[in-house]
Amino acid sequence: MPARDLSRQESGFSLSPIPRNPLGEGKCIRTAAALIIGDEILNGKTLEQNSHCLAKYCFEHGVQLKRVEVIADDEAEIVEASRRMVKNYDWVITSGGIGPTHDDITYASLAKAFGQKLVHHTETLRRLDQMNKHRPWVASQTPSQKEAAQRMALFPERAEVIFVGQDIWVPVVRLEGKLCIFPGIPKLFQVMLNGLTQFLPLPPPCERPKRIQIFTDRPESMIAPYLTSLQARLKPQGIQVGSYPVLSKGVFVSLIGRSESETECILLQVAREVESEIGGKTLNEDEVAEKKAGAIAIPTTNFTCTAERSSISIEPGLHRVKM
């Protein structure tokens, strides 16, 4: 039987209503952290992509992603890390470990971390059944297989359950007003992260950063003294200067400041100065991607590193959903 996508269905589900700001009226998310959960990440079986997706999302919305941790499917580690992150950051994302099998322990571990018991969520069960009702294997499910599927709707009892997509039955589960639980499947993670935007107290657009990238073919050591003095000069204005070499090609110099009109004007002036000082050129996003493409070729004949959780699928005979 071919793999089937279980995240979507045709008729359309309703979205959750917009909740009250969990941080308090007038407050917004300033800092974030990511907790990536999964033995398969740590043993090299699966290529982790979700922290990169979250980093780009945070940058685009003016949130500082301060920390990313990758930990095993281990209850004690999940409990410790989640408590610490919720204490230290405004917004915490977990990724992975919410499927139907014995090693999917994220919901249970987080329930323990915050002193809650697990209960089945009625609406999630309904959506799961609605999505599966026309699947040919449903009629042949054993009681234990059905129970395993329903584990994906077994949430901490005081959790917020937020349905973020009309064609996605899986909800974002939020604890302590801060910690949002996501599946590990990269494609589904990205869709649900974007869907969650309207439910989050994000910073206003004027506080979102602007990034200018200038490329030069000069060695990094040749431009380092100038960049050091430039950063010292720009730091009081809240502008960050960074340099990022591309093997055998050159160096990207990055200028980051807020999108406020005054700062943006200064940023453009500085970019012109940097171009002159390092013999560089300001590139747009497409040109940046082109410069980076093929910069490092790593032979892969002796190993395989795959993002194998790229879809939600059922394994023939097991009815196992990989989350």
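Because the structure is a prediction, the values reported are computed rather than measured. (Residues numbered from 1 in each chain as written. Predicted model: local features only at pLDDT ≥ 70, side-chain atom pairs only at ≥ 80, totals over all residues. Heavy atoms only, no water.)

1. Some thoughts on a nonpolar patch on the surface
Next, step 1: Side chains of Leu-42, Val-68 and Val-70 sit close together on the surface and give an oily, nonpolar patch of about 230 Å² of accessible area.
Next, step 2: Structurally, the position occupied by Val-70 is in strand 2 (residues 64–71).
Next, step 3: Overall, the relative accessible area of 34% leaves Val-70 in the partly exposed class. (Patch = residues over 30% accessible without salt bridge, like charges linked within 9 Å, V, L, I, M, F, W, Y side chains within 5 Å. Areas by Shrake-Rupley, 256 points an atom, 1.4 Å probe, with all protein chains shown as cover. Salt bridge = Lys/Arg side-chain N within 4 Å of Asp/Glu carboxyl O. Helix = DSSP H or I, 4+ residues; strand = E, 2+ residues; numbered from the N terminus. Buried < 20%, exposed > 50% of the residue type's maximum accessible area, 1.4 Å probe, protein only.)

2. Some details on the packing of aromatic side chains
Next, step 1: Following the criterion strictly, the structure yields 4 aromatic pairs and no others.
Next, step 2: Seen from their ring centres, Phe-182 and Phe-189 are 5.1 Å apart, and the 50 degrees between their planes marks the pair as tilted.
Next, step 3: Residue class for Phe-189 comes out buried when judged on its relative accessible area of 1%.
Next, step 4: Cation over ring: Arg-127 sits above Phe-163, and NZ or CZ is 3.7 Å from the ring centre. (Phe/Tyr/Trp six-rings, centres within 6.5 Å; stacked < 30°, edge-to-face > 60°. Lys NZ or Arg CZ within 6 Å of the ring centre and 35° of its normal.)

3. Quick look at the sheet that holds strand 8 (residues 179–182)
Next, step 1: Taken together, 6 strands build an open sheet; the order of strands is 2-1-3-8-7-6 and the sheet is mixed. Either end of the sheet is taken by a strand with one partner, and the two such strands are strand 2 and strand 6 (160–162). The average undirected angle you get between the axes of adjacent strands in this sheet is 20 degrees.
Next, step 2: Of the pairings in the sheet, the one linking strand 1 (residues 31–37) to strand 2 comprises 7 bridges and is parallel in character. Across the sheet, the residue bridging to Ile-37 is Ile-71, located in strand 2.
Next, step 3: Its contacts with the sheet put helix 4 (residues 106–113) on strand 1, strand 3 (91–95), strand 7 (172–175) and strand 8, and the angle it makes with strand 8 is roughly 165 degrees. (Pairing = 2+ DSSP bridges. Axes fitted to C-alpha atoms, helices over the stretch in contact; angles between N-to-C directions. Contact = heavy atoms within 4.5 Å.)

4. A short note on the pattern of salt bridges
Two side chains bearing opposite charge may form a pair once their charged atoms approach each other closely.
Next, step 1: As enumerated under the stated definition, the model contains 11 salt bridges in all.
Next, step 2: With a shortest N-O distance of 2.6 Å, Glu-69 and Arg-67 are connected by a salt bridge.
Next, step 3: Put simply, Arg-84 and Glu-69 hold a salt bridge, and the shortest N to O gap is 2.6 Å. A residue pair is termed long-range when its members are at least 10 positions apart, and Arg-84 in helix 3 (residues 75–88) and Glu-69 in strand 2 qualify at 15 residues.
Next, step 4: The partly exposed category is assigned to Arg-84, whose relative accessible area is 26%.

5. Looking at the confidence of the model for the chain
Residues shown with low pLDDT carry predicted positions that ought not to be read at fine detail.
Next, step 1: Per-residue pLDDT for the chain has a mean of 88; in total, 87% of the residues score no lower than 70.
Next, step 2: Here residues 1–10 is a poorly scored stretch, pLDDT under 50, and it has 33 contacts once near neighbours within four places are set aside; other chains count.
Next, step 3: Here residues 297–322 is a poorly scored stretch, pLDDT under 50, and it has 58 contacts once near neighbours within four places are set aside; other chains count. (pLDDT = per-residue confidence, 0-100.)

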